[in-house]
Amino acid sequence: MIALRSEREIDLLRQANAIVAKAHQQAYEMIEPGVSTREIDKAVESVILDAGAKPAFKGYHGFPASTCISFDEEVVHGIPGKRKLRAGEIVSIDIGTCYKGYYGDAAVTHACGAVDALRMKLLDVTDLALSRAIRVACDGNYLNDIGIVVEQTSTEAGFDVVRDFVGHGIGLELHEDPQIMNYDNGSPGPRLKSGMVLAIEPMITAGRGAVRVLKDGWTVVTRDGKPSAHFEHSIVVRETGGEILSWSDSPRWGERSD
Ligand code: MG
């Protein structure tokens, strides 16, 4: 069952996601070589708590922090700690909140200092895949249309998608129906309807999309060690496409013209 949210609920989801966006802005301003992931996590948590919300990831199935921070070959679910950011790597920041019982969730991958052409292209392509996916998330399209455009965008660029982790519905729980694949799964799936709220999150890899989980039980890495990027927005399905709830002024966020 995919929930349909009222405008009142959508407004609460917008507030939860506005706090996510504010925390992302804070994290973005801290991205530079030498900063530890723990420092970023603490700052993110402060923004969330100061806004009267709860960090949705902290304690979720035992996750120990408010932010998932993942470098280069790490795809998602990296645990903040002593590790410092290094110039030349890409770093995915994923943040979730709960505000008045409603959830927000968004991720963005940043370049730390100057990065090589491959990593730059990976960021551009994953960001583009997300914006294309948001555009097809309109009333009357099918769920699988999202996977189709993400996979097409990735394949055209010579990249691969991660199949073991997926996007999701979001609302009164962090993860609700449906699961949103980042590939064409061969069947149209349910029809999208106005009022569905979805966290769409392409994970695209420079090499193969196969992944494994590290011994810490959380960090997902590519099996071939090639870099990976991850972008996510929470959106509401509308007549003309997805309306982004987790808007931020941070670069690489928002609607694109291409
Ligand atoms: Mg998510």
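Here's a quick rundown of the structure. Within every chain, residues take consecutive numbers counted from 1 along the sequence as written. Where local features are concerned, this predicted model is filtered to residues with pLDDT of at least 70; where side-chain atom pairs are given and counted, the filter is 80 or more; whole-chain, interface and lining totals use all residues. By convention in this description, side-chain values take in all heavy atoms of the structure and omit both hydrogens and water.

1. Some remarks on the packing of aromatic side chains
The geometry of an aromatic ring pair comes down to the distance between the two centres and the angle between the two planes. In plain terms, the rule: Ring pairs shown here join Phe, Tyr and Trp side chains whose ring centres sit within 6.5 Å, with only the six-membered ring taken for Trp; geometry is labelled stacked below 30 degrees between planes, edge-to-face above 60, and tilted in between. A run of H or I in DSSP becomes a helix once it reaches four residues, and a run of E becomes a strand once it reaches two; helices and strands are each numbered from the N terminus. In this analysis the charged atom, NZ for Lys or CZ for Arg, is taken to sit over a ring once it is within 6 Å of the ring centre and within 35 degrees of the ring normal.
Scanning the model with the defined rule gives one aromatic pair in all. On the basis of an interplanar angle of 85° and a centroid distance of 5.0 Å, the ring pair of F63 and W218 is categorised as edge-to-face. Taken together, the residues span a long stretch of sequence, with F63 in the loop between β1 (54-55) and β2 (67-71) and W218 in the loop between β11 (211-213) and β12 (220-222) at a distance of 155 residues. The residue whose ring lies beneath R83 is F71, and the NZ or CZ to ring-centre distance is 3.6 Å. For R163, the ring lying beneath its charged end belongs to Y183, and the centroid distance is 4.2 Å.

2. Examining the coordination of the magnesium ion
Rules: Any nitrogen, oxygen or sulfur atom within 2.8 Å of a metal ion counts as a donor, with the limit raised to 3.2 Å for Na, K and Ca, and since water is left out, coordination shells can look unfinished. Burial classification: accessible surface area is computed with a 1.4 Å probe over protein chains only, and a residue below 20% of its type maximum counts as buried, one above 50% as exposed, and the rest as partly exposed.
Binding of the magnesium ion to the protein goes through D105 (OD), H168 (NE2), E201 (OE) and E232 (OE), at separations of 2.1 to 2.4 Å. Counting the intervening residues between successive donors of the magnesium ion yields the motif D-x62-H-x32-E-x30-E. Here D105 is found in strand β5 (residues 102-111), whereas its partner E232 is found in the loop between β13 (228-230) and β14 (233-238), with 127 residues between them in sequence. The pair D105 / E232 is uniform in exposure class, with both members buried.

3. Side note on the nonpolar core
Counted only if it meets this: Residue types Ala, Val, Leu, Ile, Met, Phe, Trp, Tyr and Cys, when buried and joined through side-chain atoms within 4.5 Å, form a set referred to as a nonpolar core. We call two residues in contact when some of their heavy atoms are within 4.5 Å.
By size, the foremost hydrophobic cluster in this structure holds 33 residues, and its most contacted members are I146, L192, L198, I200, I204 and I235. Contributions of two or more residues to this core are made by α3 (117-136), α4 (143-156), β9 (197-200) and β14. Among the elements that make up this core, the one with the highest residue count is α3 (eight residues). In contact with L192, other than residues within four places in its own chain, are V136, A137, C138, D139, G140, N141, Y142, L143, I146, L198 and V237. Counting 23 residues, the second largest nonpolar core, distinct from the first, contains I31, I40, I48 and L85.

4. Some details on the pairing of β9
Quick reminder of the rule: For two strands to count as paired, DSSP must find a minimum of two bridges between them.
Burial along β9 is two-sided: the residues V197 and A199 and L198 and I200 are all buried. Both strand β7 (residues 167-169) and β9 contribute to a ladder of two bridges, which runs antiparallel. Pairing of G169 across the sheet is with L198, part of β9.

5. With respect to unusual backbone geometry
Peptide bonds are trans in most cases, and residues, glycine excluded, mostly fall at negative phi. That bond from D177 to P178 is cis: its omega, 0°, falls within 30 degrees of zero. Along the chain, the position of P178 falls in strand β8 (residues 176-180). At H77, a position not held by glycine, the phi torsion is positive, near 65°. The residue H77 is located in the loop between β3 (74-76) and β4 (90-99) in this model. Even without being a glycine, K100 presents a positive backbone phi close to 50°. Examined against the element boundaries, K100 turns out to sit in the loop between β4 and β5.

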